[in-house]
Amino acid sequence: EAEVAQSPRYKITEKSQAVAFWCDPISGHATLYWYRQILGQGPELLVQFQDESVVDDSQLPKDRFSAERLKGVDSTLKIQPAELGDSAMYLCASSLTGETEAFFGQGTRLTVV
Amino acid sequence: SQKIEQNSEALNIQEGKTATLTCNYTNYSPAYLQWYRQDPGRGPVFLLLIRENEKEKRKERLKVTFDTTLKQSLFHITASQPADSATYLCATVSGGGADGLTFGKGTHLIIQP
């Protein structure tokens, strides 16, 4: 069964360092999402791509976060510099279109120390 | 922006009974409403999708209703089992899907044997 792949699974980094997460969506899925989830909260959308274009990044802290999906397939989310408040689960998801069900990866658990 | 309200308190249900979870949205009527299950440390898993012109959707022991007048969706699990214990997330999608899935905080369901 096709899955959304994310790496790394866990990441510990010191504050002010740079960190990057990678996501490989299900083949053929045009829509890709990055979400951040704090423990006890629901996922919060950071950025949505349609193919290689950003559709919505209104909640992405652009002073420190960046995301790209250069060839419209896999995607990278970067944080530079990391802050203590960035500690969270970072989830990638993909869907055929923005209106169909989303398939989530296992997430990257980030701890900033 | 859309606001989703789910009962943040844990819901304890006896095995074999029907569990009913509530999702209320406060702003625009979404084109779609989706329900996901999330286990600790894992990404959400899609369960059901219901469109704004549908009143009810069923899948095995699951049933979802959508009342656009009340701005509410109810999620039912019949003949509940301990394995159904998890956090259940409600999410809305606007027409066109350009603003991603907006999630509630989720309801933690505990099925007592």
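Remember, it's a predicted structure, so these values are computed and weren't measured experimentally.

**Quick word on the overall build of chain B**
Stage number 1. Each helix and strand in chain B was counted, giving zero helices and 11 strands.
Stage number 2. Against the compact-globule benchmark of 13 Å for 113 residues, chain B has a radius of gyration of 13 Å, which places it among compact chains.
Stage number 3. Split into buried and exposed, the 113 residues of chain B put 44% on the buried side.
Stage number 4. Accessible surface, chain B as shown: approximately 5500 Å² in total, 47% of it carbon and sulfur.
Stage number 5. The averaged location of the 11 negative side-chain charges in chain B is 1 Å from the averaged location of its 13 positive side-chain charges.

**Structural notes on the nonpolar core**
Most often, soluble globular proteins have nonpolar side chains that are buried together.
Stage number 1. In terms of nonpolar packing, the biggest core is built from 21 residues, with Leu-21, Leu-33, Trp-35, Phe-75, Ile-77, Tyr-88 and Leu-109 of chain B touching the most fellow members.
Stage number 2. For this core, the elements supplying multiple residues, two or more each, are strand E3 (19–25), strand E4 (32–38), strand E5 (45–51), strand E7 (62–67), strand E8 (72–77), strand E9 (86–93) and strand E11 (107–112) of chain B.
Stage number 3. Looking at this core element by element, the count peaks at four residues for E3 of chain B.
Stage number 4. Judged by nonpolar contacts, the second largest core, of 20 residues, contains Cys-23, Ala-88, Cys-92 and Leu-110 of chain A.

**As for the side chain of His-76 of chain B**
Residues and elements named next belong to chain B.
Stage number 1. Mapped onto the elements of the fold, His-76 is located in strand E8.
Stage number 2. Of note is the side chain of His-76, whose polar atom sits 3.0 Å from the side chain of Thr-20.
Stage number 3. Here His-76 is in contact with Thr-18, Ala-19, Thr-20, Arg-61, Leu-62, Lys-63 and Thr-65, once residues within four sequence places are set aside.

**Remarks on the state of the cysteines**
Residues and elements named next belong to chain B.
Stage number 1. Applying the stated criterion to the full structure yields two disulfides over all chains.
Stage number 2. For Cys-23, the disulfide goes to Cys-90, at an S-S distance of 2.0 Å. Around the S-S axis, the bridge from Cys-23 to Cys-90 shows a dihedral of about -60 degrees and counts as left-handed. Residue Cys-23 is found in strand E3, and its partner Cys-90 is found in strand E9; the two are separated by 67 residues along the sequence. Each member of the pair, Cys-23 together with Cys-90, is buried.

**With respect to the sheet that holds E3 of chain B**
Residues and elements named next belong to chain B.
Stage number 1. Pairing in this open sheet of five strands is antiparallel, and the strands run E1-E3-E8-E7-E6 from one edge to the other. In this open sheet, the two strands that pair with only one neighbour each are strand E1 (4–6) and strand E6 (56–59). Taken over all neighbouring pairs, the strand axes of this sheet differ in orientation by 15 degrees on average, direction set aside.

Scoring rules and cut-offs
- Residues numbered from 1 in each chain as written.
- Chains lettered and ligands numbered in written order.
- Predicted model: local features only at pLDDT ≥ 70, side-chain atom pairs only at ≥ 80, totals over all residues.
- Heavy atoms only, no water.
- Helix = DSSP H or I, 4+ residues; strand = E, 2+ residues; numbered from the N terminus.
- Rg over C-alpha atoms; globule rule 2.2 N^0.38 Å.
- Buried < 20%, exposed > 50% of the residue type's maximum accessible area, 1.4 Å probe, protein only.
- Areas by Shrake-Rupley, 256 points an atom, 1.4 Å probe, with all protein chains shown as cover.
- Lys, Arg positive; Asp, Glu negative; His and termini not counted.
- Charge placed at Lys NZ, Arg CZ, Asp CG, Glu CD.
- Core = buried A, V, L, I, M, F, W, Y, C linked by side-chain atoms within 4.5 Å.
- Polar contact = N/O pair within 3.5 Å; in protein donor to acceptor, adjacent residues only side chain to side chain.
- Contact = heavy atoms within 4.5 Å.
- Disulfide = S-S within 2.5 Å.
- Pairing = 2+ DSSP bridges.
- Axes fitted to C-alpha atoms, helices over the stretch in contact; angles between N-to-C directions.

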